[in-house]
Structures are given as structure tokens and as C-alpha cells.
Amino acid sequence: MPSDDTNAPDPRPGYRALLRNREFAGLYAGFTLTVGASTLSGFALGTFVDRSTGSPFLTAVSMYGATFATVLGATTLMSVADGSRPCRTLVALQCVAFAGACAQAVPGMPLVARFALLLLLGFFQSLNTGTRMGLLAEVVPASAYVPARSLMNITAGGTSVLGFTLGAVLLPHLTPQGLFLAAGALTAAALAVTAATVRERSVRPPRRPGLRETWTANAALLSRGGPRALLLNLWVPNGLIVGCEALFIPYAGENAGVLLAAASGGMLLGDLTVGRLLTAAWRRRCAFPLRLLLAAPYLLFALHPPTAVAAVAVFVASAGFAATLPLQERLLALTSEQVRGQVQGVESAGRMTWQGIGAAIAGATAQVLSPTVTITALAAVSVCVTVVSRPYVDRTRALKAAPGSPRR
């Protein structure tokens, strides 16, 4: 587990060294392709729903609605993330994602069916993330965990920029169904890379995943005040700001791609700075200011700035998403090895679920109020949550990892 000792050496291994690890390189490449597919698919579905309904609420839910289903994965079958055959699990889940992307490309599918498919894919996506992140903690040393997460986050930001840009470029020439097919091709490539590079972890103890195993570990996790405080800060402020992002299309119309790209670019810069350049001690010191930075620039939307000014504010604010790195590092330090895949899966699923909640709140509020007022209000609430919860997060530094979940 990563040490919390501020005087401990912090080797901060470089990204090149990480990529020389064949198994990490496979996880990284598969993750990159999956993010690209998800970005194209979300852009295509959001555009399709906006054109079909003109509803800010339905557009926001279509882009982030899959996140609602991740909580079902976290509360039912997330224990598969710590199973003894992670490669087989990842390959199976990638097959499901591929089938889902192809299904969305079917012309004439009713909107209700598209949303149902979106939720189904979100459920399996949460299991995919938990399994992948559980493997990440095994294939790299503890000192390389934050740089590895940083590299993956940077890649997610860069891939999102490229995905949104590519979607905007292709959309005049392709239908949304064509973008779904492109997403399916990227998913198939991720499947092939995963199958070729990820090995079964024979060091894992045999366990039989299921509801009881999942509930036991989740109850142990949420019964502790330290992990609860960390999870709250990983979930709620981020989710509210994603709600702001979900209103970019209603706010900026055809210029929404500029704001979405600015958000992804800011995330890239923040993760690069925090994950690669800062020591563990500085990461801890910067966690609270970064959480404030995540929301504060969105308060400028109260003035209804032009797109160029709004893009700068979004870019600066999105660097604050890097606050997740020190919080995730601390959560990993408080997690026993037997359940770290499940805990990281729960963290990711909860964060994604709150993104969906934030998007739904934003869309519903914007139906009554303007997108400008809604974005400002969500940012203000995010700042309040960060400030009020700070003392509870600071107390986690004195805590240690709890033992693993009981075995059956």
C-alpha cells in the first residue's frame, strides 16, 4: 500500500518506465480505446436525443445516464473485480460493450430502448472498471500507483478531446449511427488488446464472487468514517460539476464542442501536474485547493460570459479534477489487498453515479431555470460541500487500512 509518510522517498517513476511493463501497457491501451469508444458513443447519443427531442434534460441524461446503472454493479456483483480470473472477466465485459455499441447503431431503435441499453451497459461498465483498477494495483508497484492513474487520466482527457473533436468533424458527414459503428470498432480493438496482454493473476486467492461477498465488503467499507469522507469528496463535488458540463449543449449550442474540449484539456493538464510533477506530500497539500478550483470558476457563468471566456473558465476549473488522485491514493492506503479491486470499483461506480445524478439534477433544473443559473448554482453547492467536509478528510491521515472482508 502507498505510504502516508511525508518523509518517505517518492521515486515517481516516469511514464516511459510504466509503459515498458507489458501488462500495464495492455491495460493502458485497452483503457484508451474504451474511453475513445465511450466518448464517440456518448456524443452520438446526445446529438441524436437533442435532435429528436430538443429537451435539455433528456440530452443530459443520454450523455451521462449510463452512470446511474454503475451503482447496481457496485452493490451486487462488484466482488468479481477481485476474482481469480480477471483476464477472462475483462474479455467477457469487453464483449458486452462491443455488442452494446453495435446495437446502438441499429436504425429506427425506439428512444426508450436506447436508454434501456444505456443503463445495461452502465452496469457492466462498472464491473469492467473495478476489475481493471484492481489489476492496476497489482501490475505496478505501490510507488507507481498515482503516476499510473495519472497517465490513464491524462489519456482519458486527451482521448476525450480527440473523440469530441472527431465526432464534431465526422457528424456533418455521418449520421449518429455511423458514429456508433466507429465506437464499436474501437471497442473491438480494446477487446483484442486486452485478450493479448492481460494475464490471469495466479497469486489471487480463490473466491466465489456473489451478492453476499459484495455486500460484506461494502458494509465494512462504508462503516468506517475515513473511507466515507473520502468517498463523499470523490463523488459529490465532481458529480455536480459534471452536471454543469451536461448543460454545455443547451448553453452554447453549436459551440458546445469547444467547452467540452476545454474541459478535457483542463483535466489533462491537472492530472499531468499532480500525478507526474508533485511529490506525495505536495499532493496531499494540494487536494483541498484543487477541489475548490474544480467549482469556483463556474461561478463566472452567472455573468453569462461569451464562449471564449467560458472556455477559459472551464479549462481552469477542470484542472481541479486532479484532486481525485490524492484522494484515491489515500483510499487505497486504507484498503486491504483482498478487496482493493472491489473498493476501487465502488469508488469509481459511485463517482460515475454521482455524475449521472449531477447531470439529471442539472437537466431537470434547466427545464425550469436557465442553463446559466443552473450551472452557477451547482458550482456554489460543490464549493459548500468541499468546505464543510474538509475536516473529515483531513482526519483520514491518522487512519490505517482495515483487514479484508470476512471469508465465507
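Right above here is the structure, for reference.
Fair warning: this is a prediction, and the values are worked out from it, not measured in the lab.

1. A closer look at the overall build of the protein chain
Here is step 1 of the chain: Helix and strand counts for the protein chain come out as 17 helices and zero strands.
Here is step 2 of the chain: Buried residues in the protein chain amount to 56% of all 408 residues.
Here is step 3 of the chain: Within the protein chain, residue pairs in contact and separated by at least 24 positions form 88% of the contacts whose partners lie at least 6 positions apart.
Here is step 4 of the chain: Surface accessibility of the protein chain: about 16200 Å² in total, with carbon and sulfur atoms responsible for 68%.

2. A short note on a nonpolar patch on the surface
Here is step 1 of the chain: On the surface, Leu269, Val312, Phe315 and Val316 cluster together into a nonpolar patch covering about 320 Å² of accessible area.
Here is step 2 of the chain: Of all the elements, helix α14 (residues 307-318) adds the most residues to the nonpolar patch, at three residues.
Here is step 3 of the chain: Take Leu269: it is sitting in helix α12 (residues 256-277).

3. Quick notes on the pattern of salt bridges
Here is step 1 of the chain: This model, assessed by the stated rule, comprises three salt bridges.
Here is step 2 of the chain: A salt bridge links Glu329 to Arg283; the nearest nitrogen and oxygen atoms lie 2.9 Å apart. Residue Glu329 is found in helix α15 (residues 324-333), and its partner Arg283 is found in helix α13 (residues 280-295); the two are separated by 46 residues along the sequence.
Here is step 3 of the chain: Using a relative accessible area of 10% as the deciding quantity, one classes Glu329 as buried.
Here is step 4 of the chain: Among the residues examined, Arg283 registers a relative accessible area of 2% and is labelled buried.
Here is step 5 of the chain: The partner of Arg351 in a salt bridge is Glu347, with the nearest N and O atoms 2.6 Å apart.

4. Observations concerning the side chain of Gln94
Here is step 1 of the chain: Within the secondary structure layout, Gln94 lies in helix α5 (residues 86-104).
Here is step 2 of the chain: Not counting the four nearest positions on each side in its chain, Gln94 is found in contact with Thr34, Asn128, Arg132, Thr187, Ala190, Leu191 and Thr194.

5. Things to note about the packing of α13 against helix α17 (residues 371-394)
Here is step 1 of the chain: Two numbers describe how α13 lies on α17: the axes approach to 8 Å, and their chain directions differ by 170°. Taken together, the axis directions place α13 and α17 in an arrangement best described as roughly antiparallel. Remark: the crossing between α13 and α17 carries right-handed chirality. The residues of α17 that touch α13, namely those facing Phe288, Arg291, Leu292 and Ala295, are Ala379, Ser382, Val383, Thr386, Val387, Arg390 and Val393.

6. Describing the packing of helix α9 (residues 211-222) against helix α16 (residues 340-368)
Here is step 1 of the chain: Here α9 crosses α16 at 75°, and the two axes come no closer than 10 Å. Considered as vectors, α9 and α16 are oriented roughly perpendicular to each other. Touching Glu213, Thr214, Ala217, Asn218 and Leu221 of α9 are Gln342, Val343 and Val346, all from α16.
Here is step 2 of the chain: When the residues that make up the contact of α9 with α16 are grouped by side-chain class, the tally is four nonpolar, three polar and one charged.

7. With respect to the layout of surface pockets
Here is step 1 of the chain: The computed volume of the largest pocket comes to approximately 370 Å³.
Here is step 2 of the chain: Of all the elements in the fold, those that place two or more residues in the lining of the largest pocket are α2 (22-53), α7 (145-170) and α12.
Here is step 3 of the chain: Each residue belonging to the lining of the largest pocket can be placed in one class, and the counts come to nine nonpolar, four polar and three charged.

8. With respect to α2
Here is step 1 of the chain: Across its 32 residues, α2 extends 46 Å between first and last C-alpha, which sits within 8% of the 46 Å expected from 1.5 Å per residue.
Here is step 2 of the chain: If you check the start of α2, you find a side-chain oxygen 3.0 Å away from the backbone N of Glu23, and it comes from Asn21.
Here is step 3 of the chain: Note on α2: the residue one or two positions beyond its end, Gly54, has a positive phi of about 70°.

Calculation criteria
Residues numbered from 1 in each chain as written. Predicted model: local features only at pLDDT ≥ 70, side-chain atom pairs only at ≥ 80, totals over all residues. Heavy atoms only, no water. Helix = DSSP H or I, 4+ residues; strand = E, 2+ residues; numbered from the N terminus. Buried < 20%, exposed > 50% of the residue type's maximum accessible area, 1.4 Å probe, protein only. Contact = heavy atoms within 4.5 Å. Areas by Shrake-Rupley, 256 points an atom, 1.4 Å probe, with all protein chains shown as cover. Patch = residues over 30% accessible without salt bridge, like charges linked within 9 Å, V, L, I, M, F, W, Y side chains within 5 Å. Salt bridge = Lys/Arg side-chain N within 4 Å of Asp/Glu carboxyl O. Axes fitted to C-alpha atoms, helices over the stretch in contact; angles between N-to-C directions. Parallel < 35°, antiparallel > 145°, perpendicular 65-115°, else oblique. Left-handed = near helix turned anticlockwise from the far one by under 90°. Nonpolar A, V, L, I, M, F, W, Y, C, P; charged D, E, K, R; others polar. 1 Å grid on protein atoms, 1.4 Å probe; cavity = no way out; pocket = protein on both sides within 12 Å on 5 of 7 lines; lining within 4 Å. Points joined across faces, edges and corners; volume = space filled by probe spheres on them. Expected span 1.5 Å × (residues − 1). Polar contact = N/O pair within 3.5 Å; in protein donor to acceptor, adjacent residues only side chain to side chain.

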